[in-house]
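Structural description and commentary
These are the residues of each chain, in order.
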Amino acid sequence: MPKLNGISIIGKRPTILQLSYGVERANTYVIEEDGHAILIDACSKDVAKELKKRNLSPDYLVLTHEHCDHLWGLNAIRSAFPNVQVVAQEYCNEAIGDPKRNKAKQYHIYATMRFGESYQNAEARNRTYSCAPAEIVFKDKLKLMWNGHEITFRHTPGHSPGSMLIHIDDVGIFSGDSILQEETFLKFDGGDEAAFNSITLPIIIRIPDETVVFPGHGEVFQMKEWRSNGRIAER
Amino acid sequence: MRQSMRFGRNLKRENDMSNKEKYQNIFVNIFNVDAKDLNDTFNFKDVEKWDSLTHLTLISELEDAFDIMFETDDILHFGGYVNGMKTLARYGVEF
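Keep in mind it's a predicted model, so treat the numbers as computed, not measured.

1. Things to note about the state of the cysteines
Residues and elements named next belong to chain A. Summed over all chains, the structure comprises 0 disulfides over all chains. With no disulfide partner, Cys92 has as its closest neighbouring cysteine sulfur the one in Cys131, 9.3 Å distant. When its relative accessible area of 7% is taken as the criterion, Cys131 is described as buried.

2. Points about helix H2 (residues 19-31) of chain B
All names here are of chain B. Counted at 1.5 Å a residue, the expected span for H2 with its 13 residues is 18 Å, and the 18 Å between its end C-alpha atoms agrees. Listed in full, the buried residues belonging to H2 are Tyr23, Ile26, Phe27, Ile30 and Phe31. One face of H2 carries all of its buried residues, which in axial projection span an arc of 100°. The inward-facing, buried residues of H2 contact helix H3 (52-66) and helix H5 (81-89). Two residues or fewer after H2 comes Asn32, characterised by a positive phi angle close to 55°.

3. Digging into the interface of chain A and chain B
Facing 12 residues of chain A, the contacting portion of chain B comprises 16 residues. Counting the surface lost from both chain A and chain B, the interface buries some 1,400 Å², and carbon and sulfur atoms represent 62% of this. Linking chain A to chain B there are 2 salt bridges. In this structure, Asp64 of chain B engages Lys105 of chain A in a salt bridge whose closest nitrogen and oxygen atoms are separated by 2.4 Å. The residue makeup of the side of chain A that touches chain B, split by class, is 3 nonpolar, 4 polar and 5 charged.

4. Re the environment of Pro161 of chain A
Residues and elements named next belong to chain A. Following the sequence through the fold, Pro161 ends up in the loop between strand E9 (149-155) and strand E10 (164-168). For Pro161, a relative accessible area of 23% corresponds to the partly exposed category. Distance from Pro161 to Leu39, taken between C-alpha atoms, is 21 Å for residues 122 residues apart in sequence. With sequence-adjacent residues up to four places away left out, Pro161 is seen in contact with Glu66, Gln89, Tyr91, His155 and Gly190.

The rules behind each value
Residues numbered from 1 in each chain as written. Chains lettered and ligands numbered in written order. Predicted model: local features only at pLDDT ≥ 70, side-chain atom pairs only at ≥ 80, totals over all residues. Heavy atoms only, no water. Disulfide = S-S within 2.5 Å. Buried < 20%, exposed > 50% of the residue type's maximum accessible area, 1.4 Å probe, protein only. Helix = DSSP H or I, 4+ residues; strand = E, 2+ residues; numbered from the N terminus. Expected span 1.5 Å × (residues − 1). Arc of directions from axis to C-beta. Contact = heavy atoms within 4.5 Å. Buried area = accessible area lost by both parts, 1.4 Å probe. Salt bridge = Lys/Arg side-chain N within 4 Å of Asp/Glu carboxyl O. Nonpolar A, V, L, I, M, F, W, Y, C, P; charged D, E, K, R; others polar.

Scope: geometric values only; no functional claims are made or implied.
What follows is the structure, given as structure tokens:
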């Protein structure tokens, strides 16, 4: 199993747990308030155990995109919590059922090349990993109410065809791999720089400076930090 | 009947392909080269198109074609056409 690097607790209401796994520091977020919970991504089978430990049963599990490092725990979570409703963008929903499109077929190769011999994740050697379709699927935009919060999901292609941003009012944005502290990677098979520039970047540049971003990898940051690294100027 | 015979002949041709031909075809398709270019000088350091993305594709295609899963060391050090066959031989692939 990948090592759980850390559990960070952010904010007071709702509480956000950042569960960070492996050398790639893939993040699953647990947003909890008044006994209700939402998951953002499912990066390890161990997420289900962490939820049980905390006596939490998620209402929704949102997939930021279809890459397997954000899906390894989806099947285990569904087994442990059969009533959870999975939310996915339309392309993501189709791709999670295909080990080639969700990258499970070659993830161990990519991760070994990227992280070298330090890469140890037995889950990533499951080249046939696939998941059943989501319960809630959208194409461009969707709004949901959860425990009094408005949640907006927006399709943001570029890093992958099925990527999305999730905005929870008063909380911030869960960005998957669409916004990271390092530059968004667009060169995977399925990556699309033209779509990123025409559809996703116009959305990103409108995000206010003070907005907290909860990325798919690495630490939480504010949009003003992302801007100060000059990525918008470079484009 | 005719259609299934055509399909049957194509399937037979693929099954009859030797491991050497399968291996060679993968390199030809990924690097867009002629088979005659594939020799002991065709390696990671000397082939411009052999970057991390083509390397990922190459390893993935080889795993698929020969139904194997490379160990970490072999993923990282699979660096040439000729030496690659020696690596595959350790996984039971006969050339």
